[in-house]
Amino acid sequence: MKECCGLFGIFGDAEAVEKTYFGLHSLQHRGQESAGIASSNGEIIQCYTGMGTVRRVFRAGRDIFEKLSNPIAIGHVRYSTAGSSRAINSQPLLAEYSRGQVAVAHNGNLINAPLLRDEYEAHGSIFKSTSDTEIITHLLAKPTHVSNPDTLGHVLNHLQGAYCLLFLFADRIEAARDPYGIRPLCIGQTEQGCHVVASESCAFDAVGAQFICEVEPGEIVKLDKNGLSSRFFVTPGTVTPAHCLFEHIYFAKQNSTFFGENVHEFRKKLGRQLAVEHPVDADVVIPVPDSGTSAAVGYAEQSKIPFDMGLVRSHYVGRTFISPDQRSRELEVKLKLAIVKEVVSGKRVVVVDDSIVRGTTTRGKIRTLRQAGAKQIHMRVSCPPIRFPCFYGVDFPTKEELLAHNRNLKQIKEFLEVDSVGYMSLEGLLNCAALPAENYCTACWNGKYRIPVDFSVNKFSMECYQMQMFDEPDA
Ligand code: SF4
């Protein structure tokens, strides 16, 4: 299960490109397939993108920074949820139209992109990528849209799905969030007074900026020489938000704060609630690091069972050389997680994880724990069973591949080969959240999709035969 992307932007800083680089570094957990930075000197936009992690893409260091060195910049890290993992789909996406240049960076998933693309192609438009983001540049360039007094707001009203977007125009950045506020987007300010925008507030820590606020659902925030200004492209209060709870449960960094709450604190609350809902007699609580750690701390606190690190993660395993398929995911997990035998041998172990998707990698971990001598293994999961796929920017497998889709708890316990299994209830999860329950998306747990989805569309819906055949190998 992977997040789609991370965004960072900064206006009016002499070191805008370097700060964007550091901001992207801190957002690397949101996407490792490609990275890029676009910058402007107020008149001309330059852009540099490539395949791999931020460090890899910008390994030439100073040379690239000097070429890009401009006071306005946006950056992007990508994991593909619409379009394949290829250089042509890396962002920011630079385009030129009747109003000049624009670079676009996107986090989310546009569910009507295939339909819009078909319409444009039927009228002769040519697309150079297979991602859903490129359709936005075509919408921006359409003459009837250009003539609208608020072209951008008008264009955003044509999009359906989850999107946080950064637009770099020659003289400004415009940051927009979809009317449901599915993905997070935060505004901050550096000590020097420059405004920054990022998917998560952890990126502000990396550049010495302070969190100011979130971009509201349906809002466009402009960063330019006059500072910050805001406008709404949907009337505020007319759409009930559908924030993605998985951002808080799994994706985001613990030091990030958004949706009105710090991520680590929220996960600890989940752990405590999990211990109330699913108590067990055991000797030690161990997390599946890193995203399960905070919940395990909460579980141990509430249950009074000692917390320890029975699994340790290697942070030095890159994934730039492997594609995001099942085999590579399994290989990645094997390389990344090791058992501390001394912690689990002869013990009754509670393993706390944030979620279980297919279950195959979890079962692999359970088997290794048994081989290391664990006497009993009790699986505790800090979210409800995932039974439905996500169409709003998270790369879940198909419904049939999800462990909990057609299995009851007894079957899940047998599949995982554990002594007991306990999932957080949906009610318990929503009770832990800072906002009222109706403000969150719960589709992957109960199948209630707030924005209607086309079940036949998948991440490769906009691929064409020629592009798949003649693509360049990843750099
Ligand atoms: S379906 Fe699940 S993962 Fe997707 S946006 Fe909703 S809560 Fe998040």
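Quick caveat: nothing in here was measured; it's all calculated off a predicted structure.

**Student:** What's the story with the overall build of the protein in this structure? I'm lost.
**Tutor:** In terms of helices and strands, the protein carries 18 helices and 23 strands. A total of 475 residues make up the protein; the buried ones form 59% of that total. If you take every contact in the protein between residues at least 6 apart in sequence, the share linking residues at least 24 apart comes to 70%. For the protein, the accessible surface area stands at approximately 19100 Å², while carbon and sulfur atoms represent 51% of it.

**Student:** What is the right way to read the side chain of Ser291 from this model?
**Tutor:** By the secondary structure assignment, Ser291 is in the loop between strand S17 (284-287) and helix H11 (293-303). Here the side chain of Ser291 touches Asp354 through a polar contact of 2.4 Å, side chain to side chain.

**Student:** Before we go on, may I ask you to explain H11 in this structure?
**Tutor:** Each full turn of the α-helix corresponds to 3.6 residues, which orients residues three or four apart in the same direction. Buried residues of H11: Thr293, Ser294, Ala295, Ala296, Gly298, Tyr299 and Ala300, and no others. Of the surrounding elements, those touching the buried residues of H11 are helix H10 (263-277), S17, strand S20 (348-353) and strand S21 (376-381). Lys304, located one to two residues past H11, shows a positive phi value of around 65°.

**Student:** Explain the site of the ligand here, please?
**Tutor:** Taken together, Ile182, Arg183, Cys244, Leu245, Phe246, Cys390, Tyr392, Val394, Cys441, Ala443 and Cys444 make up the full set of residues near the ligand. Judged by its atoms lying within 2 Å of the grid points, the ligand is housed in the largest cavity. Elements that contribute at least two residues to the shell around the ligand include exactly helix H9 (245-251) and helix H17 (443-446). Taken together, the residues that form the shell around the ligand break down as 10 nonpolar, no polar and one charged.

**Student:** Honestly, the confidence of the model for the protein in this entry has me stumped. Any pointers?
**Tutor:** The predicted structure's coordinates, where accompanied by low pLDDT, should not be read in detail. Looking at the protein, the pLDDT average stands at 90 and 90% of residues meet or exceed 70. Note on residues 319-323: pLDDT under 50 across the span, and 12 contacts to partners over four residues away in sequence or across chains. In the predicted structure, residues 464-475 sits below a pLDDT of 50 and forms 15 contacts with residues beyond four places in sequence or in another chain.

**Student:** Looking at this model, I keep getting lost on empty space enclosed by the protein. Mind explaining?
**Tutor:** If you roll a probe as big as a water molecule over the atoms, it shows you where there is empty space left. Counted under the stated rule, the structure contains two cavities of 30 Å³ or more. Empty space within the largest cavity amounts to approximately 90 Å³. Elements with a contribution of two residues or more to the lining of the largest cavity: H9 and H17. With three residues, the top contributor of residues to the lining of the largest cavity is H17. Grouping the amino acids of the lining of the largest cavity by side-chain chemistry returns 12 nonpolar, no polar and one charged.

**Student:** Sorry if this is basic, but what is going on with the environment of Cys383 here?
**Tutor:** Residue position: Cys383 is located in the loop between S21 and helix H15 (409-416). Look at Cys383 and you get buried, because its relative accessible area is 0%. Along the backbone, Cys383 and Leu429 are 46 residues apart, and their C-alpha atoms lie at a distance of 6.7 Å. Aside from chain neighbours lying at most four places away, what touches Cys383 is Phe246, Ile249, Asp354, Ser355, Tyr423, Met424 and Trp445.

**Student:** What is the right way to read the packing of helix H4 (residues 113-122) against helix H5 (residues 134-141) from this model?
**Tutor:** Two quantities define a packed helix pair, namely the angle between the helix axes and the distance between the axes. Running from N to C, H4 and H5 cross one another at 50°; their axes reach a closest spacing of 10 Å. Judged by the inter-axis angle, H4 sits oblique to H5. Where H4 crosses over H5, the two elements pack in a sense that is left-handed. For the pair formed by H4 and H5, the contact residues are Ala113, Leu116, Arg117 and Tyr120 on the first element and Ile135, His138 and Leu139 on the second. Tallied by class, the residues present in the contact of H4 with H5 amount to five nonpolar, one polar and one charged.

**Student:** Would you mind going over the pattern of salt bridges with me for this structure?
**Tutor:** A side chain with one charge may pair with a side chain of the opposite charge, provided their charged atoms come close. By the definition in use, this model includes 21 salt bridges. With a shortest N-O distance of 2.7 Å, Glu174 and Arg172 are connected by a salt bridge. Salt-bridge contacts for Glu261 lead to Lys269; the nearest nitrogen and oxygen are separated by 2.5 Å. Given a relative accessible area of 28%, Lys269 falls into the partly exposed group. Ionic contacts of the salt-bridge type, sharing partners, join the residues Asp150, Asp171, Arg172, Glu174 and Arg231 into one network.

Parameters and conventions
- Residues numbered from 1 in each chain as written.
- Predicted model: local features only at pLDDT ≥ 70, side-chain atom pairs only at ≥ 80, totals over all residues.
- Heavy atoms only, no water.
- Helix = DSSP H or I, 4+ residues; strand = E, 2+ residues; numbered from the N terminus.
- Buried < 20%, exposed > 50% of the residue type's maximum accessible area, 1.4 Å probe, protein only.
- Contact = heavy atoms within 4.5 Å.
- Areas by Shrake-Rupley, 256 points an atom, 1.4 Å probe, with all protein chains shown as cover.
- Polar contact = N/O pair within 3.5 Å; in protein donor to acceptor, adjacent residues only side chain to side chain.
- Near = heavy atom within 4 Å.
- 1 Å grid on protein atoms, 1.4 Å probe; cavity = no way out; pocket = protein on both sides within 12 Å on 5 of 7 lines; lining within 4 Å.
- Sits in = over half its atoms within 2 Å of the grid points.
- Nonpolar A, V, L, I, M, F, W, Y, C, P; charged D, E, K, R; others polar.
- pLDDT = per-residue confidence, 0-100.
- Points joined across faces, edges and corners; volume = space filled by probe spheres on them.
- Axes fitted to C-alpha atoms, helices over the stretch in contact; angles between N-to-C directions.
- Parallel < 35°, antiparallel > 145°, perpendicular 65-115°, else oblique.
- Left-handed = near helix turned anticlockwise from the far one by under 90°.
- Salt bridge = Lys/Arg side-chain N within 4 Å of Asp/Glu carboxyl O.

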